[in-house]
Structure formats: C-alpha cells, structure tokens
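Now for the letters of each chain:
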Amino acid sequence: MKVGDLVKLSMRKTRKGMPWEDGVGIITRVKNPINGFQFVEAVFDGVVYTFNQSDLDVISEMKAV
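Keep in mind that what you see is a predicted model, and the values were worked out from it rather than measured.

Draft legend 1. Just the nonpolar core, in detail. Formed by Val 7, Leu 9, Ile 27, Val 40, Ala 42, Phe 44, Phe 51 and Leu 56, the largest nonpolar core amounts to eight residues. Elements that contribute at least two residues to this core include exactly β1 (6-9) and β3 (39-44). Non-local contacts of Ala 42, meaning those with residues more than four positions away in its chain, are made with Val 7, Ile 26, Ile 27, Thr 28, Val 47, Val 48, Tyr 49, Phe 51 and Leu 56.

Here it is, written out as structure tokens:
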C-alpha cells in the first residue's frame, strides 16, 4: 500500500455504522510502523482518517510514470 492508492474499508471493518463504509478513499500518507502495526492516512469524502493498513483493501494502485 502506498500514497495514491485507492482503497475501501475491508470486510473486517464494515457494518459498524462508519460514514465511509461504502466510499472510496485515497491513501495520503504511510506512517512508520509502530509495534508491528502499519498505519496509513486515507481521505474519505474530504476527511482524513488513520487506519491500520489491514483495515483497508486496495482497489486501484497508482502506477509510477
């Protein structure tokens, strides 16, 4: 997972009443690992959220030109 990837919430995190459940977001930052967890920031509907990388599924990867 890298900056620019389009993501959606993984099946393990859905149906919890979160407003971005059905939306598509974009990764804006990949943070340094902390205690074995890789956190990323993703924008959904103009709002930045922090997720564990395993909470998101990549649906489209940005290709380097």
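Let's pick the thread back up.
Draft legend 2. Local environment of the packing of aromatic side chains. Within the structure shown, the criterion is met by four aromatic pairs. Summarising the aromatic geometry, the rings of Phe 44 and Phe 51 are spaced 5.9 Å apart at their centres and angled 70° between planes, so their arrangement reads as edge-to-face. Each member of the pair, Phe 44 as well as Phe 51, carries the same accessibility label: buried. With a centroid separation of 6.2 Å and 50° between ring planes, the pair formed by Tyr 49 and Phe 51 is classed as tilted. By the ring-pair criterion, three or more aromatic residues cluster together here, those being Phe 44, Tyr 49 and Phe 51.

Calculation rules
- Residues numbered from 1 in each chain as written.
- Predicted model: local features only at pLDDT ≥ 70, side-chain atom pairs only at ≥ 80, totals over all residues.
- Heavy atoms only, no water.
- Core = buried A, V, L, I, M, F, W, Y, C linked by side-chain atoms within 4.5 Å.
- Buried < 20%, exposed > 50% of the residue type's maximum accessible area, 1.4 Å probe, protein only.
- Helix = DSSP H or I, 4+ residues; strand = E, 2+ residues; numbered from the N terminus.
- Contact = heavy atoms within 4.5 Å.
- Phe/Tyr/Trp six-rings, centres within 6.5 Å; stacked < 30°, edge-to-face > 60°.

Function-wise, these values are silent; they only describe arrangement.
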